[in-house]
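Fold and geometry: a report
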Amino acid sequence: MLRLDDIHTYYGKSHILHGVSLEVGPGEVVGLLGRNGVGKSTTLKTIAGLVRPAQGRVSFEGREVAGLPPYRLAHLGIAWVPEDRRVFKLLTVAENLRTGLDRAGMTEARRNELLDKVYRFFPFLAERRRQAGGTLSGGEQQMLAIARAMMLEPRIILLDEPTEGLMPRMVSQIREIIERLHEEKVAILLVEQNVPLTLEATSRCYIMEKGVVQHEAPSRDLKANHDIVRQYLGV
Amino acid sequence: MDPRSTRDGGAPGPEARSAAPLLRTERLTVRFGGLTALNGVSVAVPRGEIRAVIGPNGAGKSTFFNCITGVLRPTSGRIWLGDDDITGLPPDRVSRKGVARSYQITNILPGASVLENVRIAAQSRHHGWSLLRHHRAFGDLIDRSRAVLADVGLLPKEAELAANLSHGDQRTLEIAIALATDPRLLCLDEPTAGMSVAETQATVDLVRRIARNLTVVIVEHDMEVVMGLAGTITVLHYGEVLAEGSPAEIQANARVQEVYLKT
Amino acid sequence: MGIPFDQIAIQTVNGLVNGLILALVASGLTLIFGIMDVVNFAHGDLVMLGGFVGAVTVASTGNFWIAMLTAALTIAVFGALLQMTTLRPLLGRDPLTTILATFGISLVLQKYALWQWGPSARRIPEPITGQFALFYLQYPWYRVLGAFLSAAIIGALYLFLKYGKYGIWIRATTQDRIMAGAMGIPVPLVHTTVFAIGAAMAAASGVLFGPLGGVTQTMGFDFTLRAFIVVVVGGMGNLGGSILAAILISLLEAYASLIVSPAQAVIVSFVALIMTLLLRPTGLFVPTPR
């Protein structure tokens with residue numbers, strides 16, 4: 001469904017991605033692991049159209065999408081949840097969710113349906129629907145960012161380090177949400193530094209180093225054999 | 001006051017050597033409002049050592065780096081460079097005391113040649129007013145700059161416009177600019193970020209070469225670089241020193257592995 | 001000194017009237033800056049163009065309201081085309097580039113107006129004549145009407161932004177254009193629309209101002225200058241701040257012209273600008289970030 005072929009991305013002159021290739025099948029939950037600075041976030045941003053690759057191909061559901069603007073990709077079904085959440089601080093929770101609900105073909109009925117669904121997923125958001133996004137705590141903002149992405153009814157969600165800076169209790173909540181999204185047949189590409197969570201939540205993982213994918217394996221294999229993880233992510 | 005007694009936590013380490021430390025921090029603490037970025041960090045880096053500072057996201061590496069280079073003023077604690085107390089001094093004063101740093105965003109003058117970039121940096125340290133009186137001094141300056149360029153391997157490109165250099169060469173030029181100020185302490189901030197494997201290796205070789213007469217503090221994420229270069233590694237975690245020791249000791253340290261893999 | 005109370009009262013009313021019309025111009029300017037970081041030096045010339053289109057329409061139809069509507073729509077379309085061709089390609093570049101571009105556009109528009117409509121000033125007749133007694137003066141009703149209309153248009157804009165269907169798109173894009181795009185909001189379209197809205201508001205103020213001061217090719221500069229002062233004092237991108245600042249500055253000028261001539265009274269605006277930049281550079285009504 002999503003496929004990257006030999007992607008090279010630059011920030012100015014800095015060559016961040018040196019030929020990344022990976023793929024995510026429909027409904028799969030795939031992990032992307034690696035230390036800081038290896039290019040995981042840049043990979044997600046390239047997929048989401050926020051940065052244009054200098055070389056290589058990105059195909060989604062059979063079409064070439066590299067170079068399309070982010071809003072077109074959102075309409076095609078690619079949702080991006082950034083590392084710093086980027087909740088619209090001056091919009092209310094309800095308005096934050098609404099930003100994803102004015103797409104072509106949306107009816108009032110469908111909008112309410114989706115809102116009800118997400119309020120059931122995240123009851124605390126329902127309570128806070130008139131509160132400004134910037135007044136939520138870090139963990140709540142993370143939930144809001146994920147809920148907001150769900151409003152796009154995406155085929156794949158790109159999750160960038162959702163558990164960073166969160167307390168253990170919230171980390172397990174994120175784990176549950178990933179599980180439930182998987183039940184809804186939404187594919188997920190999960191960038192994380194929390195290795196145990198990633199190995200639990202995903203069916204397979206890519207490991208990146210120095211701007212390239214160095215290793216790929218089913219998550220249960222990585223769980224069983226710690227050495228590989230230690231080699232690429234440890235010290 | 002015995003510098004060896006102020007270090008916190010970790011395995012027995014380098015202060016067992018006889019050299020008096022060139023860089024020493026004493027209970028360095030930085031607070032931003034409610035957030036404590038550094039909490040009582042005490043380190044001692046002996047002369048001539050290559051010290052790597054590592055740690056997971058948010059450990060305080062950048063904060064530590066910014067303190068010792070004068071960009072950030074610590075909330076409490078002291079920093080010593082040799083016998084000088086450099087706590088809270090602004091970056092230009094710290095630089096004059098002998099601390100040079102490289103930046104993650106390249107900080108070179110794109111419109112000037114490679115040689116000019118280095119010459120301008122060298123000029124800031126020597127000569128000054130005397131340039132007006134001794135035109136020969138300018139010649140010395142050029143010679144010094146050429147020597148630095150030869151050290152880093154950029155001499156063949158001395159006339160090249162800095163903007164036209166490849167990214168890797170630009171990062172190397174940055175290191176040359178830092179060296180031109182004749183520092184006692186060289187601070188490198190993720191020097192191999194965004195580099196390919198080949199460029200990374202070249203940078204590692206370069207740092208090893210120039211570190212012979214220098215003390216180096218390097219913040220890095222690339223573990224191969226760290227293990228290959230560092231004489232001693234300081235691991236930070238949530239603003240505190242988690243462990244200190246040789247590369248072998250750190251790799252064998254279970255707590256460090258845990259922290260890196262579990263975060 | 002002892003300035004008679006009724007003179008102060010009259011200047012207060014004048015200040016409010018001028019302030020509200022200025023607020024209409026400044027709101028468009030601050031909206032455009034807030035969403036796409038464009039410092040639009042041609043904004044006052046959009047006022048001027050609106051005035052001319054209005055004057056010509058009034059001359060042929062005899063109806064002030066049709067003239068205002070025509071001017072607003074025409075200049076809105078013109079503004080949209082202008083943004084798409086000259087400003088959209090410059091998005092994200094160094095601010096100096098857009099300043100130079102809009103400055104160039106301003107010169108072109110002024111010369112165009114000169115060529116199209118000749119050098120003499122145009123008049124727009126007031127839609128309602130008649131005056132009422134305000135203290136010792138016979139105060140024209142039209143001035144009050146102009147103020148009301150300006151306030152109404154600004155009010156409509158505010159309601160649209162807050163409650164309108166696409167108001168959320170505009171507010172989201174203003175706060176975080178990257179994330180807005182990632183949420184499927186067509187950012188380039190939002191930019192063009194906001195520019196068009198700003199242009200329409202400028203054109204409307206040109207027509208509203210017509211009966212008060214006439215329409216000339218060079219009137220744009222005064223509006224641009226005053227609007228900028230207002231936007232800086234009120235806080236760039238801050239809609240409420242611009243409105244308050246417009247009224248404040250116009251009041252100060254009105255009071256100052258009790259003491260000095262009106263031409264000198266404009267110095268007050270500059271003093272306000274300098275004080276703001278020195279003491280609260282992000283704007284009087286914006287909390288200074290620590």
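Once a new chain begins, its residue numbering starts again from 1 and follows that chain's sequence as written. All chains are assigned letters beginning with A, and all ligands numbers beginning with 1, in the order in which they are written. At least 70 in pLDDT is required for a residue's local features to be given in this predicted model, at least 80 for side-chain atom pairs to be given and counted, and no such filter applies to totals for whole chains, interfaces and linings, which use all residues.

Some points on helix 12 (residues 267-279) of chain C
A helix here means a DSSP run of H or I that spans at least four residues, while a strand means a run of E at least two residues long, and both kinds are numbered starting from the N terminus. To estimate how far a helix should extend, the number of its residues minus one is multiplied by 1.5 Å. Look at helix 12 of chain C: 18 Å from first C-alpha to last across 13 residues, which is about the 18 Å you get at 1.5 Å a residue. By the convention adopted here, residues make contact when the C-beta atoms placed from their backbones lie within 7 Å. Residues of helix 12 of chain C that are buried in the fold lie against helix 9 (219-234), helix 10 (239-259) and helix 11 (262-265) of chain C.

Points about the sheet that holds strand 2 (residues 35-46) of chain B
For sheets, the rule is that strands pair by backbone hydrogen bonds, running either parallel or antiparallel. Pairs of strands are assigned from DSSP output, requiring at least two bridges between the strands. An order of 2-1-4-5 (chain B) is seen for the four strands of this open sheet, with the pairing classed as antiparallel. Edge strands, defined here as strands with exactly one partner in the open sheet, are strand 2 and strand 5 (84-85) of chain B.

Quick look at the confidence of the model for chain C
Known as pLDDT, the predictor's confidence for each residue is given on a scale from 0 to 100. On average, residues of chain C carry a pLDDT of 89, and 98% of them reach 70 or more. This complex was scored by the predictor with a pTM of 0.84 and an ipTM of 0.92.

Description of the interface of chain C and chain A
With 17 residues of chain C in contact, the opposing surface of chain A contributes 21 residues. Elements that contribute at least two residues to the side of chain C that touches chain A include exactly helix 6 (167-175) and helix 7 (177-182) of chain C. Amino acids are sorted into nonpolar (Ala, Val, Leu, Ile, Met, Phe, Trp, Tyr, Cys and Pro), charged (Asp, Glu, Lys and Arg) and polar (every other residue, Gly among them). For the side of chain C that touches chain A, the residue count by class is 11 nonpolar, three polar and three charged.

Observations regarding the interface of chain A and chain B
Counting residues at the interface gives 19 residues for chain A and 20 residues for chain B. Taken together, the elements giving at least two residues each to the side of chain A that touches chain B come down to strand 2 (14-24), helix 8 (195-201) and helix 10 (226-233) of chain A. The greatest single-element share of the side of chain A that touches chain B, amounting to four residues, is contributed by strand 2 of chain A. Residues that form the side of chain A that touches chain B fall into these classes: six nonpolar, eight polar and five charged.

Some thoughts on the arrangement of the chains
Taken together, the two pairs of chains in contact show their highest number of contacts between chains A and C. Considering only C-alpha positions, the minimal separation of the non-contacting chain B and chain C is 12 Å.

Details of the sheet that holds strand 6 (residues 99-101) of chain B
Residues and elements named next belong to chain B. With mixed pairing, the six strands of this open sheet are ordered in space as 6-7-8-3-9-10. Each end of this open sheet is capped by a strand with a single partner; those strands are strand 6 and strand 10 (240-245). Adjacent strand axes in the sheet meet at a mean angle of 20 degrees, parallel and antiparallel pairs treated alike. In terms of strand pairing, strand 6 meets strand 7 (residues 185-189) through three bridges, oriented parallel. Within strand 7, the residue paired with V99 across the bridge is L185. The axes are straight lines fitted to the C-alpha atoms, using for helices just the contacting stretch, and the angles between their N-to-C directions are given from 0 to 180°.

Some details on the confidence of the model for chain B
Confidence in the prediction for chain B averages 85 pLDDT; 86% of positions are at 70 or higher. Overall, residues 1-18 of chain B carries pLDDT values under 50, and its contacts beyond four positions in sequence, including any with other chains, amount to 34 contacts.

Re the pairing of strand 3 (residues 50-54) of chain B
Residue and element names in this part refer to chain B. Burial of strand 3 is extensive: five of the five residues sit out of reach of the surface. On strand 3, burial covers both faces: I50, A52 and I54 on one face and R51 and V53 on the other are all buried. Here strand 3 pairs with strand 9 (residues 232-237) via four bridges, running parallel. Counted as the bridge partner of V53 is T234 from strand 9. The exposure scheme places C-beta atoms from the backbone and then counts, for each residue, the other C-beta atoms within 10 Å of its own, assigning buried at 20 or more, exposed at 12 or fewer, and partly exposed in between.

Regarding the packing of helix 1 (residues 5-36) of chain C against helix 10 of chain C
Residue and element names in this part refer to chain C. Contact geometry of helix 1 with helix 10 gives a least axis separation of 6 Å together with a crossing angle of 145 degrees. The hand of the helix 1/helix 10 crossing is right-handed. Partitioning the contact of helix 1 with helix 10 into residue classes produces 14 nonpolar, 11 polar and no charged. Left-handed describes a crossing whose near helix is turned anticlockwise from the far helix by less than a right angle; the clockwise case is right-handed.

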